[in-house]
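Residue-level listing of the chains:
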Amino acid sequence: MINVNRPRRSVLYMPGANTRALEKAKTLAADSLILDLEDAVAPDAKVGARQNILAALATGFGHREAVVRINGLNTPWGLDDLKAFANSKADAVVLPKVESAAQVQEVVQVLKEMNARPDLTIWAMIETPKAIFKLEEIASSHPLLDALVLGTSDLVKDLHARHTPSRVETQTALSLSILAARAYGLCVLDGVHLSLDDAAGLRLSCIQGRDMGFDGKTLIHPSQIADANELFGPSPQEVEEAQARITAYEEAIESGAGIVVLNGKLIEELHIQDAKRILALDKAIQSFTG
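This text gives an overview of the structure that appears in the document.

### Description of the pattern of salt bridges
Taken as a whole and assessed by the stated rule, the structure comprises 21 salt bridges. With its nearest N and O atoms 2.9 Å apart, the salt bridge here joins Asp119 to Arg117. Note that Lys157 is salt-bridged to Asp158, the shortest N-O span being 2.7 Å. Taking relative accessible area as the criterion, Asp158 reaches 31% and is therefore assigned partly exposed.

Structural data, given as structure tokens:
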């Protein structure tokens, strides 16, 4: 389990071809940045975008996690992308359209040949029907795999479905991805909300994703960061309740009580584990913003 308490409430895609956007990213409140070489970059701009991202990484993004989405290794640019970032200051590389363990393992092999930093991890984009059927294989593919990232736009296209406010069209894929991530100790990130003029829809999507179990949401615009940070982070009430559960449990254990009840609710070890997770996440967030 890598970075299990690393806040990833807001994960913003930033186009590698846009140097102004890369510079602006260093001032944003996003927990993580996906510096994109794939969908957001035209073919004739990919080599230049690669150099832009390398230059931006050299000066750093502060507390923000900097992750590079490379082109697929089956494209003319993917292998050179991977080699370029193997020993850069990137925190991870994102592999698009992962549909098998072999794709992850191929990336691992290249990183090994390049003597890549041992803490450079891999994120896998889950964005095709075949990927959904291979989720367990992908999630268990290698210890360097750190996160599953839902690419719901591509998935909806492949399904011949339509985007709906309830996201009924992707519910099965979302749930199975969360199950696979939790089974193998991975972070799992929800897909993007495409409508920039639909703030209410964004919040609804964040609440739904949070309640399903996602760690955070991928975003396409800085205006979406605040809502994702608020809704995927523990509220002050949740933090207070988590601390109260732990205190009540510890006091009951010390006194020899067989049953712990707080505010009329039975508290068991599983509740304490979740309470500790909430407090650890809040502490990590406060270390960035406090």
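### What about the packing of aromatic side chains?
Summed over the entire model, instances satisfying the criterion amount to 0 aromatic pairs. Sitting over the ring of Trp77, Lys46 keeps its end group 5.1 Å from the ring centre.

### Description of a nonpolar patch on the surface
A surface patch of nonpolar side chains, amounting to about 250 Å² of accessible area, comprises Leu194, Leu196 and Ile220. Within the secondary structure, Leu196 sits in the loop between β7 (187-190) and α9 (199-212).

### Things to note about the environment of Ala116
Relative to the helices and strands, Ala116 resides in the loop between α4 (101-113) and β5 (121-126). A residue is classified by how much of its surface remains accessible, and Ala116, at 18% relative accessible area, is buried. For the pair formed by Ala116 and Ala86, sequence separation is 30 residues and the distance between their alpha carbons is 4.8 Å. Setting aside chain neighbours within four positions, we find Ala116 in contact with Ala86, Asn87 and Leu111.

### Comments concerning the pairing of strand β4 (residues 92-95)
Neither face of β4 is open: one carries Ala92 and Val94, the other Val93 and Leu95, and all of them are buried. As paired elements, strand β3 (residues 65-69) and β4 share 3 bridges and run parallel to each other. Bridge pairing links Val68 to Val93 in β4. Handedness of the crossover joining β3 and β4 through helix α3 (residues 78-85) is recorded here as right-handed. Bridging between β4 and β5 involves 4 bridges; their strand directions are parallel. Its bridge partner lying in β5, Ala92 is registered against Thr121. Note on the crossover from β4 through α4 to β5: the handedness is right-handed.

### Considerations on the nonpolar core
In this structure, Leu35, Leu57, Val68 and Leu148 are the most contacted members of the largest nonpolar core, which totals 60 residues. Residues in contact with Leu35, not counting those within four places in the same chain, are Met14, Leu22, Ile53, Leu57, Phe61, Ala66, Val67, Val68 and Arg69. Ranked by size, the runner-up nonpolar core spans 13 residues in total, among them Val94, Trp123, Val149 and Val192.

### So, the sheet that holds strand β6 (residues 145-150)
Taken in spatial order, the 8 strands of this closed barrel run β1-β2-β3-β4-β5-β6-β7-β8, and their pairing is parallel. Neighbour-to-neighbour, the strand axes of this sheet turn through a mean angle of 25 degrees, independent of strand direction. Across 5 bridges, the pairing between strand β1 (residues 10-15) and strand β2 (residues 32-36) is parallel. In the strand pairing of β2, Tyr13 is matched with Ile34.

Rules used throughout
- Residues numbered from 1 in each chain as written.
- Predicted model: local features only at pLDDT ≥ 70, side-chain atom pairs only at ≥ 80, totals over all residues.
- Heavy atoms only, no water.
- Salt bridge = Lys/Arg side-chain N within 4 Å of Asp/Glu carboxyl O.
- Buried < 20%, exposed > 50% of the residue type's maximum accessible area, 1.4 Å probe, protein only.
- Phe/Tyr/Trp six-rings, centres within 6.5 Å; stacked < 30°, edge-to-face > 60°.
- Lys NZ or Arg CZ within 6 Å of the ring centre and 35° of its normal.
- Patch = residues over 30% accessible without salt bridge, like charges linked within 9 Å, V, L, I, M, F, W, Y side chains within 5 Å.
- Areas by Shrake-Rupley, 256 points an atom, 1.4 Å probe, with all protein chains shown as cover.
- Helix = DSSP H or I, 4+ residues; strand = E, 2+ residues; numbered from the N terminus.
- Contact = heavy atoms within 4.5 Å.
- Pairing = 2+ DSSP bridges.
- Right-handed = clockwise from strand over helix to strand, strands pointing away.
- Core = buried A, V, L, I, M, F, W, Y, C linked by side-chain atoms within 4.5 Å.
- Axes fitted to C-alpha atoms, helices over the stretch in contact; angles between N-to-C directions.

Function cannot be inferred from these measures alone, as they are strictly geometric.
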